[in-house]
Amino acid sequence: MSAVQDTFARAGVQINRFESIAWRYMRLSGILLIPLVFGHLAIMHVINSVYVIDYEWVIEARWAYLGWRIYDAAMLWLAGFHGALGLRHVIKDYVHNPRWSFALSAAVAAFMVFLLILGSIALIGAPFEPVTGVPPVE
Amino acid sequence: MSGLFTTVREVFRYQGREGQVAWMGHRAAALGTVLFFMIHIIDTSFVYFWPEGYQHAIALYRSPLFAVGEMVLIPAVIYHAINGTRIWLMDWKPGLWKYQRQITLATFALTVLLCAPVMIIMGGHFIEGLGLFGGQ
């Protein structure tokens, strides 16, 4: 038990487990996301750019390798929860009506779950060789 | 929504100096980044669900409007990362609060320092992408 938890226990204050875990998650995921996102930015925006990236490039240079799919999946899940919890924090700051606050947070959570599933299906399902017949970027 | 109104109004009345600026920047960067994150997951999932749609999305990302967006997004992400590091460092070592002003200013300086070369290189990509000077 940490010193902080000890103090709370002696004062007879119940620690809200969800809030405690959410706080820890923001710190931990934030630290893990820094190298992942900086790597992503370096590869996608500095070394390459949107003028290089297209459908075939993504498959051939990135998703043909399992390592990049795992890298992207780690970023997707870490950032997804980090963003959703952050949005919940912002909603709690600005929306003081408990019903609206809960409804908005629930909507954020539902949309984020949808995005995580969407992204995961794409990462798992995308072919290891580009599909033929896809037109070039105009 | 009165909470939101009050918050926006008080931003200009509360003279929190660099600490408040750091906080506002952190939140603004977060909101911008999470909005782009949501769009970005959808467009990237097109690689599997709708390859033609992915090509359309990339065409959009090559437009000048999104080039400006990229120039805002990348500094936002860099700042959020550096300022986030400052926050957990200062929580971890409370002794650092003695130097909170200097550390916060260092956060801004480090952000500018890191962003400068990235912005120059991205600007180069954009000018190259215009195709006005050959290449491609």
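Up top is the structure these notes are about.
Rules behind the numbers
- Residues numbered from 1 in each chain as written.
- Chains lettered and ligands numbered in written order.
- Predicted model: local features only at pLDDT ≥ 70, side-chain atom pairs only at ≥ 80, totals over all residues.
- Heavy atoms only, no water.
- Contact = heavy atoms within 4.5 Å.
- Buried area = accessible area lost by both parts, 1.4 Å probe.
- Salt bridge = Lys/Arg side-chain N within 4 Å of Asp/Glu carboxyl O.
- Patch = residues over 30% accessible without salt bridge, like charges linked within 9 Å, V, L, I, M, F, W, Y side chains within 5 Å.
- Areas by Shrake-Rupley, 256 points an atom, 1.4 Å probe, with all protein chains shown as cover.
- Helix = DSSP H or I, 4+ residues; strand = E, 2+ residues; numbered from the N terminus.
- Buried < 20%, exposed > 50% of the residue type's maximum accessible area, 1.4 Å probe, protein only.
- Axes fitted to C-alpha atoms, helices over the stretch in contact; angles between N-to-C directions.
- Parallel < 35°, antiparallel > 145°, perpendicular 65-115°, else oblique.
- Left-handed = near helix turned anticlockwise from the far one by under 90°.
- Nonpolar A, V, L, I, M, F, W, Y, C, P; charged D, E, K, R; others polar.

**Focus: the interface of chain B and chain A**
Moving on, step 1. Between chain B and chain A, the contact holds 44 residues from the first and 49 residues from the second.
Moving on, step 2. In total, chain B and chain A occlude about 4000 Å² of area from one another, counting both sides; carbon and sulfur atoms represent 74% of this.
Moving on, step 3. The largest per-residue losses of area from chain B upon contact with chain A belong to Arg27, Gln55 and Arg62 of chain B, which jointly make up 17% of the total buried on that side.
Moving on, step 4. Viewed at the interface, chain A and chain B are joined by two salt bridges.

**Topic: a nonpolar patch on the surface**
Moving on, step 1. Taken together, the side chains of Val113, Ile117 and Ile121 of chain A together with Tyr48, Phe49 and Trp50 of chain B present a nonpolar region at the surface, about 550 Å² in accessible area.
Moving on, step 2. Counting residues per element, the nonpolar patch draws most heavily on helix α5 (residues 98–125) of chain A, at three residues.
Moving on, step 3. If you trace the backbone, Phe49 of chain B turns up in helix α2 (residues 17–49).

**Considerations on unusual backbone geometry**
Glycine aside, a negative phi is what most residues show, and trans is what most peptide bonds show.
All names here are of chain B.
Moving on, step 1. Positive phi, close to 50°, is recorded for Arg17, a residue that is not glycine.
Moving on, step 2. When you line up the elements, Arg17 lands in helix α2.
Moving on, step 3. Of the residues examined, Arg17 reaches a relative accessible area of 59% and is grouped as exposed.

**Let's talk about the packing of helix α2 (residues 17–47) of chain A against helix α4 (residues 66–94) of chain A**
Residues and elements named next belong to chain A.
Moving on, step 1. For the pair α2 and α4, interaxial distance at closest approach is 8 Å and the crossing angle is 135°. By the angle between their directions, the pair α2 and α4 is classed as oblique. For α2 against α4, the interelement crossing comes out left-handed.
Moving on, step 2. Counted by class, the contact of α2 with α4 contains 19 nonpolar, six polar and three charged residues.

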